[in-house]
Amino acid sequence: MSDPVLSVRNLTAGYGGVQAVRDLTFDVAPGEVVALLGPNGAGKTTALLSIVGLVPLMSGEVRALGREVESKRPHRLARRGVMLVPDDRGVFFGLSVREHFRLAHRRPDRERERQVLERFPALRDLQGRRVGLLSGGEQQMLTIAKAILAKPKVLMIDEMSLGLAPKIVQEMLPSIRDLAKEEGIGLVLVEQHIELALSVADRGIILNHSRVVLDAPAKSLLNRRADVEAAYFGADEYGDADAVLPS
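Described below are features of the structure shown in this document. Everything numeric here is computed off the predicted structure, so don't read it as measured data.

## Describing helix H3 (residues 97-104)
Thinking step 1. Turning to H3, its buried residues are Val97, His100 and Phe101. Down the axis of H3, the smallest arc covering the buried residues is 105°, so these residues share one side. Within H3, the exposed residues directed more than 90 degrees away from the buried face are Arg102 and Leu103.
Thinking step 2. The secondary structure elements touched by the buried residues of H3 are helix H4 (110-119) and helix H5 (136-149).

Laid out in structure tokens, this is it:
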């Protein structure tokens, strides 16, 4: 079995001394898709920001590609192939799609651009258009395309579906999953749409009240709707202890 490309152990982090996520532990193998789920305020985004070093750990450890992640050094991590797609998309409205592609990698790589445009063909005819004129779905495609151009080994996407029609998400998620499988990318999806995320994931982790309340193979979670809904919406039986479904 391959060594994990991302290993999170007992991660606890937050702001101003207040814990936003507690004791989070999981691994991501090459080509594996992990869905990190939960309601607003559950700690999902804080977890991602902590993993890349943007939010300091209160305790625990994060290792990416075999090395411990340094706090406040996300640029170094990105150069090694660990990419985070933020929920605000991080695009420049005055620049064109083509200019964003140029910013995404130092040296032009026409073959890689061709591969990315095959994955997101809607961007092919938008190369000269300013990003501020793109739809929300097109902006999200561009944001993910930029990350893929860099040939990541770990890709984390925060709330890809935010503000998008479910139909667009249903089209994009399988394509991203297939890319992860083909290129051996460890993929972490932070999502609020439970079934959409679990339909493409290998494993699902549900956070609530800042901690893990369910952790199981995605297929198992899809077949346990009542358990998942109880965990997601904070039923009493999941309020005080972790519940890990059998693999």
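Past the structure itself, the notes keep going.
## A few points about the side chain of Asp215
Thinking step 1. Relative to the elements of secondary structure, Asp215 occurs in strand E10 (residues 211-217).
Thinking step 2. For Asp215, a relative accessible area of 13% gives the class buried.
Thinking step 3. A polar atom in the side chain of Asp215 sits 2.8 Å from the side chain of Arg203.

## A look at the pairing of strand E8 (residues 186-191)
Thinking step 1. For E8, the tally of buried residues reaches 6 of 6 residues, placing the bulk of the element in the interior.
Thinking step 2. The two faces of E8 match: Gly186, Val188 and Val190 on one face and Leu187, Leu189 and Glu191 on the other face are all buried.
Thinking step 3. Judged from the 5 bridges that link them, strand E3 (residues 33-37) and E8 form a sheet pairing that is parallel. Note on E8: the bridge partner recorded for Ala35 is Leu189.
Thinking step 4. The pairing of strand E7 (residues 154-158) with E8 spans 5 bridges and is parallel.

Thresholds, definitions, all that
Residues numbered from 1 in each chain as written. Predicted model: local features only at pLDDT ≥ 70, side-chain atom pairs only at ≥ 80, totals over all residues. Heavy atoms only, no water. Buried < 20%, exposed > 50% of the residue type's maximum accessible area, 1.4 Å probe, protein only. Helix = DSSP H or I, 4+ residues; strand = E, 2+ residues; numbered from the N terminus. Arc of directions from axis to C-beta. Contact = heavy atoms within 4.5 Å. Polar contact = N/O pair within 3.5 Å; in protein donor to acceptor, adjacent residues only side chain to side chain. Pairing = 2+ DSSP bridges.

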